[in-house]
Amino acid sequence: MNLMGEEMNEKTQRTKKILKIAIILTVILFFLVLGIMLYMNYVESKTLKLYVDKTRAEMPSTLFSFDQTSGKLFVSIEDLAKIGGYEYYRGDYNKLTEENTKCYVNNKKEVAGYESGSNLMYKVDPTANTTDYDWYTMSEPARTINGKIYVDSDDAGIGLNLKIKYNQQYNRIEIITLNYLVSQYESIVSSNYGYSGVAPEYKNQKALLYDLIVVRKQEEKDKYKYGVITTDNKDVIGAKYDAIEFIEVSKDFYVTTNKKMGIFSSEGSQKIEPNYDSIKILDNDLRLYYVQNNNMYGVLDKNGKRVVYIEYEKIGVDTTQFKNNDIKNSMLLFDNIIPVMKGKKWGAFDKNGNQVLDTVYDSFGCITSSQKDQVSNNVLVIPDIEGIVVCRDKKYGIINSSGKAVAPCAFNRIYSVTSSGKEVYYLDYNGQQISITDYMKMNGSSTSGQTTDGNTTSAQNTTGDNTGDSATNGNQTADNTAAVQSNDGTAVTQPQTQTAPVNIAVPQTTQTQQP
């Protein structure tokens, strides 16, 4: 009996020991697992994460760059384009270039472009027949890092119509696309706010990026009234207008009622009364608008005050014929000159409403592509001298950005050729060519339009026979051809300035301000 009791006791003791060991191991394992989990959570908290439309996404290693000095987040436009549904391209929009310092993105509804080192960004509608760009000033210049263009996250969001936010608590970057915002608020607006839905136009949908919603309310079949509310359903503009269009560059709204247009601010205040057949931004920085009534055009300032009377047949130049000039605003040249047409004659005002050119000119710009010389490019502006080409009585001249004469209207044509990727500008006087650089030197003036003694000067013949015939002054001419690029990209030859001068009479500016 005692033997059996001792065995039972030993068995019980062994069981207790095993149980103790098991408990200890379990506790150790628990703390080990807990430690591993805490460590993993710690590592996870220190790992930057990316969420797109509330869903965890794989983050390209080159997507973001933190500026240690400013603490700002910079984003690679190339990598962000893939996330936002854009195509990425090097170079400048509408130009066949591959410049690494420039890029643009295109989602077929809008184009946005950046340039390394510049704090300006442009946006343009690729579906519209216009060369006018909306320009935005960024908080920081774009920069190149390891061959890619980066911009501040806020500016990247504006360009690609996204919301980008860094959540410091969870160490993650959250990107919300415009499509996601539209889908979310479409149901909220119709279910909770009492409207038919979000306005379907792409321009109006972009208001969501600024916590505003262009809404519509159905009155009868296929007929709506439009208004603006905040994303938390506060009224901004009542839903009583026939049409509303969001102006992203100024955060204002065009409103239309009874076929007349006006402008309201994003706070709901009226800036321009709806008294006009059409309104369009002429320049956002200056807050100038060009307006139309009864097929006549004028210019108003941000308060609706007159800058240019509504009495002109056209305002602005058709820049589609001057693609080599890279003109960003057809209605405001060199940030000052506003071309106007009246009685089929052209003149100009400055941005303050002062008339600087009488309406006596046939046109702005010189079109040469239809002429025999296919080497030349059409010219409207000459950037290096801030010159603008004008035509009077079928002769061409140049004014500067203040409206003063640089060259009189005495030239047969003014054109450019593309040489080594750059535009070189020439004046043609009775078959003799002179570069604008040489003309300016001979004229002894800058873009101020100041005069020199006499009305003619000596220029060099640049269209002499390429075979080497002697010039009229007895000096032997040099071989005066050089390879340049024509409009179709083929290699051609263009006369160069000769080394041996030939005296010809070249008109100069007179003491009048207008050429």
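Keep in mind the model is a prediction, meaning the values are calculated, not measured.

Our focus in this paragraph is the environment of valine 381. By secondary structure assignment, the location of valine 381 is in strand S31 (residues 381–382). On the accessibility criterion, valine 381 (6% relative accessible area) is buried. Taking the C-alpha atoms as reference points, valine 381 and tyrosine 415, 34 residues apart in sequence, are found 10.0 Å from one another. If near-sequence neighbours (up to four positions away) are discounted, valine 381 is found in contact with Asn325, Ile327, Phe334, Gly387, Ile388 and Tyr425.

Leu80, Tyr114, Leu160, Ile175 and Ile279 are the most contacted members of the largest nonpolar core, which totals 53 residues. In contact with leucine 160, not counting residues within four places along its chain, are Ile77, Leu80, Ala81, Tyr86, Val105 and Tyr114.

This next bit is on the sheet that holds strand S5 (residues 87–90). Strand order in the open sheet formed by five strands is S5-S6-S7-S8-S9, and the pairing between neighbours is antiparallel. Because the sheet does not close on itself, it has two edges, and the strands there are S5 and strand S9 (134–137). When the angles between neighbouring strand axes are averaged without regard to direction, this sheet yields 20°. With five bridges joining them, strand S6 (residues 102–106) and strand S7 (residues 111–115) adopt antiparallel strand pairing. Within S7, the residue paired with tyrosine 104 across the bridge is glycine 113.

A complete count under the given rule lists 15 aromatic pairs for this structure. Taken together, a centroid distance of 5.5 Å and an interplanar angle of 65° make the contact between tyrosine 122 and tryptophan 135 edge-to-face. In this pair, tyrosine 122 sits in strand S8 (residues 120–124) while tryptophan 135 sits in strand S9, placing the two residues 13 residues apart along the sequence. According to the relative accessible area criterion, tyrosine 122 is buried, its value standing at 5%.

With that settled, the discussion passes to the pairing of strand S22 (residues 278–283). In this structure, S22 lies alongside strand S23 (residues 288–293), joined through five bridges in antiparallel fashion. Bridge assignment links aspartate 283 to a residue of S23, and that residue is leucine 288. Taking the residues between adjacent antiparallel strands as the criterion, S22 and S23 are bridged by four residues, where arginine 287 takes a positive phi near 55°.

Bringing the pattern of salt bridges into the picture now. Scanning all chains against the criterion turns up 19 salt bridges. In this structure, the salt-bridge partner of glutamate 140 is lysine 72, at a minimum N-O distance of 3.5 Å. Here glutamate 140 is found in the loop between S9 and strand S10 (143–145), whereas its partner lysine 72 is found in the loop between strand S3 (64–66) and strand S4 (73–76), with 68 residues between them in sequence. Look at lysine 72 and you get partly exposed, because its relative accessible area is 27%. We note a salt bridge from aspartate 362 to lysine 345, for which the minimum N-O separation is 2.5 Å. Of this pair, aspartate 362 sits in the loop between strand S29 (355–361) and strand S30 (363–364) while lysine 345 sits in strand S28 (residues 345–349), and the two are 17 residues apart along the sequence.

Glancing now at the layout of surface pockets. There is about 540 Å³ of room inside the second largest pocket. Every residue lining the second largest pocket is counted, 25 residues in all, and those nearest its centre are Lys314, Ile315, Gly316, Val317 and Asp318. Taken together, the elements giving at least two residues each to the lining of the second largest pocket come down to strand S26 (314–315) and S30. Residue composition of the lining of the second largest pocket, by class: ten nonpolar, ten polar and five charged.

It is worth spelling out the sheet that holds strand S2 (residues 55–57) at this point. Strand order in the open sheet formed by four strands is S2-S1-S13-S12, with mixed pairing between adjacent strands. Two strands lie at the open edges of the sheet, namely S2 and strand S12 (162–167), each paired on one side alone. Here the strands of the sheet are splayed against their neighbours by 30° on average, with no regard to which way each runs. Here strand S1 (residues 49–52) pairs with strand S13 (residues 172–177) via four bridges, running parallel. Within S13, the position partnered with tyrosine 51 by the bridge is glutamate 174. Of the strands in this sheet, S1, S12 and S13 touch helix H2 (residues 77–84), which is tilted by about 110° from S12.

Cut-off values and rules
Residues numbered from 1 in each chain as written. Predicted model: local features only at pLDDT ≥ 70, side-chain atom pairs only at ≥ 80, totals over all residues. Heavy atoms only, no water. Helix = DSSP H or I, 4+ residues; strand = E, 2+ residues; numbered from the N terminus. Buried < 20%, exposed > 50% of the residue type's maximum accessible area, 1.4 Å probe, protein only. Contact = heavy atoms within 4.5 Å. Core = buried A, V, L, I, M, F, W, Y, C linked by side-chain atoms within 4.5 Å. Pairing = 2+ DSSP bridges. Axes fitted to C-alpha atoms, helices over the stretch in contact; angles between N-to-C directions. Phe/Tyr/Trp six-rings, centres within 6.5 Å; stacked < 30°, edge-to-face > 60°. Salt bridge = Lys/Arg side-chain N within 4 Å of Asp/Glu carboxyl O. 1 Å grid on protein atoms, 1.4 Å probe; cavity = no way out; pocket = protein on both sides within 12 Å on 5 of 7 lines; lining within 4 Å. Points joined across faces, edges and corners; volume = space filled by probe spheres on them. Nonpolar A, V, L, I, M, F, W, Y, C, P; charged D, E, K, R; others polar.

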